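The lines below spell out each chain.
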Amino acid sequence: MSRLDVRSIGMSLLAPAIAILLSIVVTTIVIAAVGSSPGDFWSTMFEVPKPRLRVDIVNQTAMIYIAAVAAAIGFRMGLFNIGLEGQYTLASFAAASFAGAAYLSGWANVFAAIIVAMAVGAIWAGIAGVLRTTRGVSEVISTIMLNSIAITLVGYFLNNYGVKEGNSVHTKNIEPGTSVGGFAPFEDRDGEIWTLAIIAVLVGVGFWVLLNKTRFGFDLRASGQSESAALASGINPKRMILISMMLSGGVAGLIWMPAFFGGARNYGTSFQVGLGFLGIAVALLGRNRPVGMLFGALLFAFLSVKSNDLTFGTDVSPSIVQITQGVAVLAVVVTYEVVRRWRTRLEQRAVSRELAPTTEATA
Amino acid sequence: MPSAVDAVQLRGIGKRFPGVIANQDVDVTIRSGTVHALIGENGAGKSTLMKILYGVQRPDDGTITIEGKGVVLKSPTEAIEAGVGMVFQHFMLADNLTVLENMVLGAEKLHGIGDGARTEIRRISDRFGFDLDPDVLVEKLGVAARQRLEIAKVLYRGARIIILDEPTAVLVPQEVEALFVNLRELTAAGNSVLFISHKLDEVLDIADDITVMRRGTTVGTADPRTATKHELAELMVGSELPSPETAESTVTETVELSLQDITLTDEFGRDLLSGLSLNIRRGEVLGIAGVEGNGQSELVETIMGMRIPTSGRIMLGDQDVTHWHTRQLREAGIGYVPEDRHRHGLLLEAPLWENRILGHQTKAPSVKGPWINRKGARQDTERIVRDYDVRAPGIDTPVRALSGGNQQKLIVGREMSGDPVLLIASHPTRGVDVGAQAAIWGHIKHARRAGLAVLLVSADLDELIGLSDTIQVILRGRFVGTFDPAQVTPQDLGAAMTGGEAA
């Protein structure tokens, strides 16, 4: 049994390994094709990151991981929530406005703002859920549209009610007592790992427990695997769609919270866009598994953060890492399928070998 | 041009799946230019054998010889190259494309996609009397024409050996006659046909040779000129045919399920079920007989809460459950063996023990409050595997790896768990091997003695007559006759099912 386990773990690592290798090859070819030096590129990328970047990588990993879990909740249910981007944009703005208004102080304000973020994310995703269950509108289409609406809405509110400062607009700064900062593992100038990066850990553990240990998680996985079997087993598919969509949106609302309370302190130019889409990519890369997505988030954070070094050391544009990331996701989807088929064939052969000697006995 | 070389020789073919031997020591010889019938009950191993011949699955043992040459078929593409083509029971055609487009799809290199292909299609169509117009949309074609198109597709790709999987199942009698005319034209031109069926009349009518399969192996051959239906049936079922007959009646006076004037209307206003009323008492098996598609599925789904009746009332015991949701009904003690176990009964990728939870997510031992009780579910799965003789390497095996019979035994075991008061069983032994069939019948009889009320929907008239205490015949959503299984014959039922006689 244990030998089988080692082998099956080895097999499940095979696909991502092939995918990463493939993305390195493609990136190298692209860099060489535009006339730059792949050698420079990889030596810069694989250099051990400076302390400041190490802190950045941890912080980015946390946010990307939360986004990946949000996407995975949808995927495990068979829903494609492309609207993470809009959900966390609107949620971040709402939470920042709430926290900036300082109705509460200290940690109470932090917790309340986080609740606001989750609620807004959940409601925004819930719109797509309601459209799907009552009108049969595909959540893919509606969430894409809701992304545009959310971003436009935030822009409108910010322009009309935001605090103007020079050329930029932002929400009211939170009071110093509400900022929860973080801890600096290296020297102070290298920055802090945000305290609220802990949200990523909680979300990851919560996701695992929910899926594997609870009845709701079983219902969710059953619905994702076979809608017809789920219906026959007594699961109400509409209710499941709505709940999992809102859960996905609620988690999406948390994506930017570590950065907000850790350093940004207002919603404005410091808001980081694109985390929702990164989360979808990482969920695909990590096959919606809690641990797999952790490695995926770490890889993506590393590539994004480390690419900043390219500006100084090489003539390669930092955007090239987006090619690496994109190819990794594409390749992982393909290689997983290839490995899965190969494994099925091996299993079948193993089974027929195992059964062969007993044939005489049962015949 | 029938030649001396046999079209296909299969020797010693064996194929094993987890827990079941699908094929073992299978020998079949198809002579060139003949229709060779392969007959056997569901689960006898016919479909595995033809998948092996068509390259979908590779045999564990044995050799395949096609037109004198030994071959190893790794894929359908290789089978077609070797001259073997297959027409599946479920057609694989694109409705919104024309006959020509369907024909050339995936075979563009053979005759192009234009006039070359059109000429070739006309040639095939005229040669064998297929009557196909290359430029008609497939959605305009009837079932029989679609089947001829599928056969033509196979010929177009150069096949000389054609496998037909239960081709007559979808046809009305006149169309069957026409198909047989086509098949005789095909063999007269030197092609060979492997005809898979379990309809003995047709087999005796069309076949030149007959091979009979039972329990995964070939048990004999017969000459259609001399063989009788009775002999073939005996070969097919063997001497150990289990009898579904129940002993003394266990029907009590307590009504467990009562349907009162149930009508179900679809979105276009048509009645799927009209005014159905029935009572099932504790210890009673009520059989529903009918040609498929006459409302059986809708009736079951209505009782299970997956559809809400337009009018009428459903009582479980003395509770009105007309508007209850599936989960409430299951909690109230209804066991459900769905007609399509893959679509409605199982999570194929999930292990056995997780499938034990499916449909019982709110009941011990699978759960404790909102939490999954992994230990309890696993222990109870071990019990089902033991008591219901589910042959599986272990309870962590994905259900997909089990044979149909073992999957069904797992479902029956699961649905019998937790002392149900009512069992809704749709085609409980469809597609399962004889051993599993006998076991499932045994479990139903046993539970009936213990006071279980059972609604049994089946297409197998012997099963219905053998297990039921009362049989209702359903036709176009109405009950058209009530029969006592002790006196009724399959012929009487057959007449009522087709509207020949309303008793």
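Each value, and the rule that gives it
- Residues numbered from 1 in each chain as written.
- Chains lettered and ligands numbered in written order.
- Predicted model: local features only at pLDDT ≥ 70, side-chain atom pairs only at ≥ 80, totals over all residues.
- Heavy atoms only, no water.
- Pairing = 2+ DSSP bridges.
- Helix = DSSP H or I, 4+ residues; strand = E, 2+ residues; numbered from the N terminus.
- Axes fitted to C-alpha atoms, helices over the stretch in contact; angles between N-to-C directions.
- Contact = heavy atoms within 4.5 Å.
- Buried area = accessible area lost by both parts, 1.4 Å probe.
- Salt bridge = Lys/Arg side-chain N within 4 Å of Asp/Glu carboxyl O.
- Polar contact = N/O pair within 3.5 Å; in protein donor to acceptor, adjacent residues only side chain to side chain.
- Nonpolar A, V, L, I, M, F, W, Y, C, P; charged D, E, K, R; others polar.
- Buried < 20%, exposed > 50% of the residue type's maximum accessible area, 1.4 Å probe, protein only.
- Domains from an automatic or database assignment.
- Patch = residues over 30% accessible without salt bridge, like charges linked within 9 Å, V, L, I, M, F, W, Y side chains within 5 Å.
- Areas by Shrake-Rupley, 256 points an atom, 1.4 Å probe, with all protein chains shown as cover.

## Things to note about the sheet that holds strand E8 (residues 192–197) of chain B
Residue and element names in this part refer to chain B. Strands sit in the order E6-E7-E8-E3-E9-E10 across an open sheet of six strands; the sheet is mixed. The open sheet has two edge strands, strand E6 (84–87) and strand E10 (217–222), and neither has a second partner. Between one strand axis and the next, the sheet turns through 20° on average, direction left out of account. Both strand E7 (residues 161–165) and E8 contribute to a ladder of five bridges, which runs parallel. Bridge pairing in E8 places Ile163 opposite Leu194. Relative to the sheet, helix H1 (residues 46–53) contacts strand E3 (35–39), E6, E7, E8 and strand E9 (209–214), its axis offset from that of E8 by approximately 155°.

## What about the interface of chain A and chain B?
Taken residue by residue, the interface counts 26 residues in chain A and 32 residues in chain B. For the chain A and chain B pair, buried surface summed over both sides reaches about 2,600 Å², with 58% attributable to carbon and sulfur atoms. Taken as a group, Arg215(A), Phe218(A) and Ala232(A) account for 24% of the area that chain A buries against chain B, more than any other trio of residues on that side. Its salt-bridge partner being Glu354(B), residue Arg221(A) comes within 3.2 Å of it at the nearest N-O pair. The interface formed by chain A and chain B holds 11 residue pairs in polar contact (both at pLDDT 80 or more) in total. Elements supplying a minimum of two residues to the side of chain A that touches chain B: helix H7 (198–213), helix H8 (215–225), helix H9 (227–232), helix H15 (320–355) and helix H16 (359–362) of chain A. Taken together, the residues of the side of chain A that touches chain B break down into 11 nonpolar, 10 polar and five charged.

## Things to note about the environment of Val140(A)
Residues and elements named next belong to chain A. Here Val140 is to be found in helix H6 (residues 139–161). Taking the relative accessible area as the measure of exposure, Val140 reaches 24% and is therefore partly exposed. The spacing of Val140 and Gly83 is 57 residues in sequence and 7.9 Å in space, taken between C-alpha atoms. Setting aside anything within four residues of it in sequence, one finds Val140 in contact with Phe80 and Ile82.

## A word on helix H11 (residues 257–264) of chain A
Residues and elements named next belong to chain A. Across the eight residues that make up H11, a large majority, six, are buried. Among the residues making up H11, those that are buried are Met257, Pro258, Ala259, Phe260, Phe261 and Gly262. Looking at the buried residues of H11, the elements they touch are helix H3 (51–76), helix H4 (84–101), helix H5 (106–135), strand E4 (193–194) and H7. Just downstream of H11 lies Arg265, where phi reads positive at about 65°.

## Quick notes on the environment of Ala128(A)
Residues and elements named next belong to chain A. Secondary-structure assignment places Ala128 in helix H5. The buried category is assigned to Ala128, whose relative accessible area is 0%. The spacing of Ala128 and Met145 is 17 residues in sequence and 9.6 Å in space, taken between C-alpha atoms. Leave out the neighbours within four places in its chain, and Ala128 touches Ser142, Thr143, Leu146 and Met245.

## Overview of the side chain of Ser458(B)
Residues and elements named next belong to chain B. Among the structural elements, Ser458 can be located in the loop between strand E20 (453–457) and helix H17 (461–467). Given the relative accessible area of 4%, Ser458 is considered buried. Within polar-contact distance, the side chain of Ser458 engages the side chain of Glu463 at 2.7 Å. Once residues within four sequence positions are removed from consideration, Ser458 is found in contact with Ile288, Ala289, His427, Glu463 and Leu464.

## Side note on the pairing of strand E19 (residues 422–426) of chain B
Residue and element names in this part refer to chain B. The buried fraction of E19 is high, at five of five residues. Side chains Leu422, Ile424 and Ser426 of E19 all project onto a buried face; the interleaved residues Leu423 and Ala425 project onto the opposite face, where all are buried too. As judged from the five bridges shared by E19 and E20, these two strands associate in the parallel manner. When the sheet's bridge partners are listed, Leu422 is paired in E20 with Ala453.

## Description of the domain arrangement of chain B
Residues and elements named next belong to chain B. Domain boundaries in chain B define domain 1 (8–237), domain 2 (242–333 + 421–503) and domain 3 (345–418). For domain 2 versus domain 3, the separation of C-alpha centres amounts to 25 Å. Interface of domain 2 and domain 3: buried area, both sides summed, is about 1,100 Å²; carbon and sulfur atoms make up 62% of it. Looking only at domain 2, the three residues that lose the most surface to domain 3 are Arg327, Arg330 and His443, adding up to 43% of its buried area. At the boundary of domain 2 with domain 3, the tally comes to one salt bridge. For Arg330, the salt bridge identified is with Glu415, shortest N-O distance 3.3 Å. Linking domain 2 to domain 3 there are five residue pairs in polar contact (both at pLDDT 80 or more). Here the side of domain 2 that touches domain 3 is composed, by residue class, of eight nonpolar, three polar and four charged.

## Considering the side chain of Arg146(B)
Residue and element names in this part refer to chain B. Checked against the element boundaries, Arg146 lands in helix H6 (residues 143–156). A relative accessible area of 17% places Arg146 in the buried class. Sequence-distant contacts of Arg146, defined by excluding residues within four places in its chain, comprise Phe91, Leu93, Asp95, Val138, Glu139 and Leu141.

## Structural notes on a nonpolar patch on the surface
All names here are of chain A. A cluster of nonpolar side chains, contributed by Ile123, Ile127, Leu131 and Met246, occupies part of the molecular surface with about 300 Å² of accessible area. The element contributing the most residues to the nonpolar patch is H5, with three residues. Overall, the relative accessible area of 31% leaves Leu131 in the partly exposed class.

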